[in-house]
Amino acid sequence: MKYTLKDYQEDAVDDVLTNLRKARKRWHEDGDKQAFSLTATTGAGKTVMAAAVIEALFFGSADFDFEPDPGAVVVWFSDDPSLNEQSKFRLSDASDKLTVSDLVTVENTFSRERFDPGKVYFLNTQKLSKKSLLVRGHDDDDKTLLTQEGLPLTPDGRSHTIWETIKNTIDDPDLTLYLVLDEAHRGMKGTASGRKTIVTRLIGGEGSVPGLPIVWGISATVERFNDAIQGIPKLSTLPNVIVDSTKVQDSGLLKDTVNLDVPDEVGDMTTVLLRRGAGKLREISKAWADYAASQGEASVVKPLMVLQVPNNPDPDEIGLWLQTIFDEWPDLDEGCVANVLGEHRTETFGSFSVPYILPQRVQDDDWVRILIAKDAISTGWDCPRAEVMVSFRAATDNTHITQLLGRMVRTPLARRIPGNELLNSVDCLLPHFNRKTVEQVVDALMHGSEAGGASLNRRVLINPIDLVPNPDVPEAVWQKFTSLPSQSLPKRQAKPIRRLTILAHELAVDGILPNAGKEAHKRMHAVLDGLAVTYKVDVKAAREGVLEIGGATLSADVKSQKKTFNEFVEAADYAVIEDAYKRAGRLISPDLAKSYSEHLAAQIDNADDEEEALIDAHTDIAAMGLVPEIKSKLDLAAEELAETWLTEHRVSIKSLNDKRQDVYRDIREMSADPLDVDLARPMAWLQMTEAKEPNGETVVIPRYHKHLMCDEEGLFPDTFNPEEREVLNAEMSRSEFLAWYRNPSRTSQDSLGISYDMDGVARIVRPDFLCFSKLTDGSIVADIVDPHGTYLSDALPKLQGLARYAEKNQGLFRRIDSIAKMKSGEFRVLDMTEPSVRDAVLDASTAVSVFDGDLAAKYLV
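Residues numbered from 1 in each chain as written. Predicted model: local features only at pLDDT ≥ 70, side-chain atom pairs only at ≥ 80, totals over all residues. Heavy atoms only, no water.

Participant: When you look at the overall build of the chain in this model, what are you seeing that I'm missing?
Facilitator: Along its length, the chain carries 25 helices and 38 strands. Within the span of the chain, comprising 861 residues, buried residues form 53% of the whole. For the chain, the share of sequence-separated contacts (at least 6 apart) that also reach a separation of at least 24 residues comes to 73%. Approximately 39,200 Å² of the chain is accessible, and the part contributed by carbon and sulfur atoms is 50%. (Helix = DSSP H or I, 4+ residues; strand = E, 2+ residues; numbered from the N terminus. Buried < 20%, exposed > 50% of the residue type's maximum accessible area, 1.4 Å probe, protein only. Contact = heavy atoms within 4.5 Å. Areas by Shrake-Rupley, 256 points an atom, 1.4 Å probe, with all protein chains shown as cover.)

As structure tokens, then:
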């Protein structure tokens, strides 16, 4: 794969491969047909996951411990030829093993007896319709149409219809046909009434054409698919694979914030919000240019505006809208407008001639800065650089708005920009909405209707304002802030050798540790040499097992009917040794197995030739792979070396640009105990200034001074519960108090996270406040201040997480205070910097018992 998979993607790929392994076994052994689905929210990278699965099917995977299927044939099916071409491009873009010849579009001229293994065939609904050339010669009654000479009737002398090709592939015992149904919820309509569709005929079979043996549906909303396959006879189901939407959001692939601008006044605000949208496009364009310059990147994201028009728009009115945009931003080239309307033609809007562009080309053709669209543009379409949308849909048409906006949530660089909410957001301006009618849009965007999680963990802000670093905050405070360690959740633990290999490659790429790959292998060779000596008795016994193949001969006496087994032993041949070597290679990684075999071969004396020495080395490695202790000790050594290098080169890594730092952040998290990372300095935040009360009344949000981020007046707007407000006022009243920080509750590099354990599952708590003070000696100190309820089930685990964090980071904070308001109304505090407090918390059975104990002090508010 060209991309390193996110942890949730690896989990999903592993689960899909597990299903495919089971399905293949059941099909070839028992003839059972199997189906399941993969559900992931829009923008999760479903095609990237599919590419990893198909690579493993065709070529095997050491990372997923998956043997290749030499007879694998994949049919990629959708109801849209353009969607197929888009998927074909994405598979090729994601995979470093799938070649152009491996990805085959089934055209009308296609004619083969059966599909070839090791290829992905792209097929669409239209190719299976009655009028398609591919199916002529095959009718719905399964009668073979004949010529006057009695030969099968096929157009253009075609030897096989597509249905015959499918049937022959299924019937071939050496082949396994896997159907990947893209956008699997489509094509199932009508199945509830019993009517067959082309898709259900393909899956379930009809007449002489059998049903497909293995069906894998992919979609963000697969309920219709899951319901439909339940009604297909002789089709069993495997566990569906559901990707948690919150993990996708946390990964940085999706934008964190959606900003909705609606008018406060009654009347026609079209022109006002259109000018505001043009201003936002200009602002975000400058922000991306500035960011690229700060990172030393030559490539600059060029954001575009989507202009969503009604179904029956007035061309002259659209022309006026375009003129308004160019009046607001005169430097914008008037040739930057394109349309993706259903007519597929150049449109005239007033004085503007606007060409049609294929939806899948919009992202890469960055001359397009304004895109005119109606609904969701096309199935599967998304455009990460579409960052502003002005919708002229009516307030009753929120579904079309959320559908299109849902296609604009991918981050342009496939990562979160540290500390910059402006670059991690998308703007939507709704001239025909107001604060009341926009609520349904807010709810749909925050929670969605997709599987994989009840909430997308996404902020939706109405008419937010920009916040910037507070100019009154001393630089020493910022330096203290960025030195504070933040913890992250342990991700799917990569194999330590693989993690070390990836780290070595990146260190070499960045010039931090030249020849890191060779050095890593050299050190692992030394570890393996030592382990071979330590476990030489076990290795010797295993080597003998590799070189000998045991079996038994069954003898049956016809007269007495007695059966006897006579054991035999034969010398293993080259194929057996290589198979054992490859299995060992999957354990320690194929690359390390290869380099270590060369290392061993170079040390073998009196070998007749190099090939014999290499076979001998392969035998040794195969034997070592059969000794479990060697694998576990090697993994430990690889983990230790990776941690050492990450620690030794921390400063050099921190000097890299954001893109490269993000790579190392992922490597740090490929561990059961990931290393801490420093906080990123926030550069741009977005915050609402008004909130809706439970009674429906809109109120102004209070503003506070001395926050690290502020508005034009040096103030920070935010809402707090009564306990938080009292604690914050108490902290700000201290004589040495300098500044404070409202720690974001979302996953971001500028949010301090602390890990804790909840019933064996790692979670993250984000303390409410960071406070900064100046002592009499002039030094700056930081405090964690966390108003903490005692009644919830996670109260004690969170306290214990704070205690462990304090233990690990002694001396970095003056105070780490967890504060609770007791039933008496008194505030009590536990300072985790005190060893006795930490011990009491870690030994406690409830949170209340610790706050009621002698080690908790009274907190003055």
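Participant: Just to check I follow, could you spell out the pattern of salt bridges for this structure?
Facilitator: When the charged atoms of two side chains lie near each other, side chains of opposite charge can form a pair. A complete count under the given rule lists 51 salt bridges for this structure. Residues Glu421 and Arg746 are paired through a salt bridge, measuring 1.9 Å at the closest nitrogen-oxygen approach. Placement of Glu421 in the loop between α10 (398-405) and β18 (425-429) and of Arg746 in the loop between β31 (737-742) and β32 (754-758) is noted, with a sequence separation of 325 residues between them. For Glu421, a relative accessible area of 5% gives the class buried. (Salt bridge = Lys/Arg side-chain N within 4 Å of Asp/Glu carboxyl O.)

Participant: Sorry, what's going on with the nonpolar core here?
Facilitator: As a rule of thumb, soluble globular proteins bury nonpolar side chains together. In this structure, Leu708, Trp740, Leu752, Leu770, Phe772, Leu830 and Met832 are the most contacted members of the largest nonpolar core, which totals 58 residues. With seven residues, helix α23 (residues 795-808) is the largest single contributor of residues to this core. Ignoring any residue separated from it by four or fewer positions in sequence, one finds Met832 in contact with Leu799, Leu802, Ala803, Ala806, Ile816, Ser818, Val837, Arg838 and Val841. Ranked by size, the runner-up nonpolar core spans 45 residues in total, among them Ala23, Val74, Val120 and Ile214. (Core = buried A, V, L, I, M, F, W, Y, C linked by side-chain atoms within 4.5 Å.)

Participant: Sorry if this is basic, but what is going on with the environment of Leu254 here?
Facilitator: Mapped onto the secondary structure, Leu254 falls in the loop between α7 (245-250) and β11 (257-261). Remark: the alpha-carbon pair of Leu254 and Arg410, spanning 156 residues in sequence, is separated by 4.5 Å.

Participant: What is the right way to read the sheet that holds strand β29 (residues 709-710) from this model?
Facilitator: What links the strands of a sheet is backbone hydrogen bonding, and the strands pair in either a parallel or an antiparallel sense. Strands sit in the order β25-β20-β29 across an open sheet of three strands; the sheet is antiparallel. The sheet terminates laterally at β25 (685-687) and β29, the two strands that pair on one side only. Sheet analysis places strand β20 (residues 465-469) next to β25, joined by three bridges and oriented antiparallel. Paired with Ile465 across the strands is Gln687, a residue of β25. (Pairing = 2+ DSSP bridges.)

Participant: How should helix α1 (residues 7-30) be read in this particular structure?
Facilitator: The α-helix advances 3.6 residues per turn, and as a result positions three or four apart in sequence lie on the same side. Taking 1.5 Å per residue as the helical rise, α1 with its 24 residues ought to reach 34 Å, and the 34 Å between its terminal C-alpha atoms agrees with that figure. For α1, the full list of buried residues reads Asp7, Tyr8, Gln9, Glu10, Ala12, Val13, Val16, Leu17, Asn19, Leu20, Ala23 and Trp27. Backbone geometry just after α1 places Gly31 at a positive phi near 75 degrees. (Expected span 1.5 Å × (residues − 1).)

Participant: Could you clarify how one ought to interpret the sheet that holds strand β34 (residues 769-774) in this entry?
Facilitator: Read across the sheet, six strands follow the order β31-β34-β35-β36-β37-β38 without closing on themselves; strand pairing throughout is mixed. Sheet topology places β31 and β38 (857-858) at the edges, where each strand pairs with a single neighbour. Note that strand β37 (residues 827-831) and β38 share two bridges and pair antiparallel. Following the sheet pairing, Arg828 is matched in β38 by Lys858. Sitting on the sheet, helix α12 (residues 475-482) touches β31, β34 and β35 (780-787), and the angle it makes with β35 is about 60 degrees. (Axes fitted to C-alpha atoms, helices over the stretch in contact; angles between N-to-C directions.)

Participant: How do you make sense of the packing of helix α16 (residues 574-588) against helix α18 (residues 610-624) when you look at a structure like this?
Facilitator: Running from N to C, α16 and α18 cross one another at 55 degrees; their axes reach a closest spacing of 8 Å. Between α16 and α18, the angle is such that the two are oblique. The handedness of the crossing between α16 and α18 comes out as left-handed. Residues Tyr574, Ile577, Glu578, Ala580, Tyr581, Ala584 and Ile588 of α16 form the contact with α18, whose own contacting residues are Ile615, His618, Thr619, Ile621 and Ala622. The residue inventory of the contact of α16 with α18, partitioned by class, reads nine nonpolar, two polar and one charged. (Parallel < 35°, antiparallel > 145°, perpendicular 65-115°, else oblique. Left-handed = near helix turned anticlockwise from the far one by under 90°. Nonpolar A, V, L, I, M, F, W, Y, C, P; charged D, E, K, R; others polar.)

Participant: Help me understand helix α17 (residues 590-601), please; the structure alone is not making it clear to me.
Facilitator: The end-to-end C-alpha separation of α17 is 16 Å, in line with the 16 Å expected for twelve residues at 1.5 Å each. What α17 keeps buried is the set Leu592, Ala593, Ser595, Tyr596, Ser597, Leu600 and Ala601. As for α17, its buried residues are in contact with α13 (496-509), α14 (516-534), α16, α18 and α19 (628-648).

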